[in-house]
Amino acid sequence: MNNKKMVLGAGIILSILLLTSCDRSEQVVKPVQPDKPVTTAPLLPRESYGDQPHTQANEEQLYQFITKQLTGTYGVFTNFRNTDQSAEVATGHEVLSESAGLLMRYYALTGQQQAFDAEWNRAKQTFNLSEGFSYRYSPQHNKRYPLNAAVDDLRLIRALHEASIAFDNKRYSKEAEQYGKRFYDHNSRDGRLYDFYDETYKMTNDFITLCYIDLTSLGLLPISTSQEELLQRNMLDIMHKGYLSDQFPFYETRYSYKSETYQSERINTVESLLTILSLVEVKQHNPASITFIKEQVQAGTLFGQYTKEGKATTDIQSTAIYAIAAMIGSELGDEDLYKASIQRMEQYQVRNSGTKLDGGYGDAATQQAYSFDNLMALLAYAH
């Protein structure tokens, strides 16, 4: 194995530690020329499970926090509190393609075309590479990382399809086809999906993280029926076989194609919930998972991490956990699960702190507020 591949191999080990966080060689690029800032007009009225007056107000406050306090020239900050942006994972005012995709989906689902267009134009300028969308950009160091994350590219592609429907305009679906073909050419092989593609080394990793498998988005790729059937069958099989047990109905973390084994140090709840959400969207979920989620939401005990046997390893909970649970409830048409999850989620919203974090989800004392928590909460409101 040559030295470059040895370096890449070390990076792969780090890449599995945090969702959409990777340690890779950076690519210096010309400064991004941003589009006009995203509009922050009041939200459009709409019907959903969460349309009680207090929830509407909470959504509006969150939206204002994200667009006015958590967003800069290049997109939504990874964290409200800035850093020197030199860590192995994204920190501070670095921006992620993950965030752009989440915000674009929100704008599509809430019918905000002008805001969608502005965010999409900014995302292309900030993240677009020749063979994928960079998962991370550091404004402070003017570095665009030369690899993508499958789940993030798929989310951008899905947002374009949703925009095509929401705004009745085929130009979005045409772009989705363009980037969908590129994605399929680089992030899949022999009917298998891979976590990332590295443009520097012209290669993928050798495993798939289960929460990266967005079955609905895979079904939107511009590929032949036989290619789609093979890809969907293989990935669904990996997901089903990664089911832990009826006693603890969550899922393994990743599957190694090389060793044909599942690998999970601990079970991160956000990751398993994303896997369950993907399965729910195509009606392939296990009912035991939903029963477990509903029981834990009702009790307020949906903790952040477990052993494979289902023993909680922490008492920490998070905004994103309950936001995803709400989305699962929405997809199932389960109003009770949706409302209960939103209520749990809103307990984490910062209010009357006298700081710029008011309306957002974070810690007013430390001034920490993460993009993923805030954007998942926003997307939950749109369901």
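**Student:** Break down unusual backbone geometry for me, citing the residues and quoting the values.
**Tutor:** Although it is not a glycine, Asn142 sits at a positive phi angle of roughly 50°. Even without being a glycine, Asp168 presents a positive backbone phi close to 50°. Note that Asp168 resides in the loop between helix H5 (150-166) and helix H6 (170-187).

**Student:** Help me get a handle on the nonpolar core, residues and values and all.
**Tutor:** In this structure, Phe116, Leu193, Met235, Phe250 and Ile328 are the most contacted members of the largest nonpolar core, which totals 109 residues. Setting aside residues up to four positions removed in sequence, Ile328 forms contacts with Leu273, Ile276, Leu277, Val280, Ile290, Ile293 and Leu337.

**Student:** So what about the confidence of the model for the protein chain? Which residues, and what values?
**Tutor:** For the protein chain, the average pLDDT comes to 89, and 86% of its residues sit at 70 or higher. Contacts of residues 1-47 to residues separated by more than four positions or lying in other chains number 112 contacts, the stretch itself having pLDDT below 50.

**Student:** How would you sum up the packing of aromatic side chains? Please name residues and give values.
**Tutor:** Taken as a whole, this structure holds 21 aromatic pairs when the rule is applied. For the ring pair Phe116 and Tyr172, a centre distance of 5.5 Å and an interplane angle of 90° mean the geometry is edge-to-face. With Phe116 in helix H4 (residues 113-127) and Tyr172 in helix H6, this pair connects stretches of sequence that are 56 residues apart. Judged by relative accessible area, which is 0%, Tyr172 ranks as buried.

**Student:** Account for helix H12 (residues 335-346), naming residues and giving values.
**Tutor:** Along its 12 residues, H12 runs 16 Å from first to last C-alpha, staying within 8% of the 16 Å computed at 1.5 Å per residue. Of the residues making up H12, those classed as buried are Leu337, Tyr338, Ala340, Ser341, Ile342, Met345 and Glu346. Measuring from the side-chain oxygen of the N-cap residue of H12 to the backbone nitrogen of Asp336 gives 3.3 Å; that N-cap residue is Asp334.

**Student:** Summarise the sheet that holds strand S13 (residues 261-263); cite the residues concerned and give the values.
**Tutor:** Taken in spatial order, the three strands of this open sheet run S11-S12-S13, and their pairing is antiparallel. Looking at the sheet topology across the chains shown, the edges are occupied by strand S11 (207-209) and S13. Between one strand and the next, the sheet's axes are offset by a mean angle of 25°, whatever the strand orientation. Where S11 and strand S12 (residues 254-256) come together, three bridges link them in antiparallel fashion. Its bridge partner lying in S12, Thr209 is registered against Arg254.

Rules of the game
Residues numbered from 1 in each chain as written. Predicted model: local features only at pLDDT ≥ 70, side-chain atom pairs only at ≥ 80, totals over all residues. Heavy atoms only, no water. Helix = DSSP H or I, 4+ residues; strand = E, 2+ residues; numbered from the N terminus. Core = buried A, V, L, I, M, F, W, Y, C linked by side-chain atoms within 4.5 Å. Buried < 20%, exposed > 50% of the residue type's maximum accessible area, 1.4 Å probe, protein only. Contact = heavy atoms within 4.5 Å. pLDDT = per-residue confidence, 0-100. Phe/Tyr/Trp six-rings, centres within 6.5 Å; stacked < 30°, edge-to-face > 60°. Expected span 1.5 Å × (residues − 1). Polar contact = N/O pair within 3.5 Å; in protein donor to acceptor, adjacent residues only side chain to side chain. Pairing = 2+ DSSP bridges. Axes fitted to C-alpha atoms, helices over the stretch in contact; angles between N-to-C directions.

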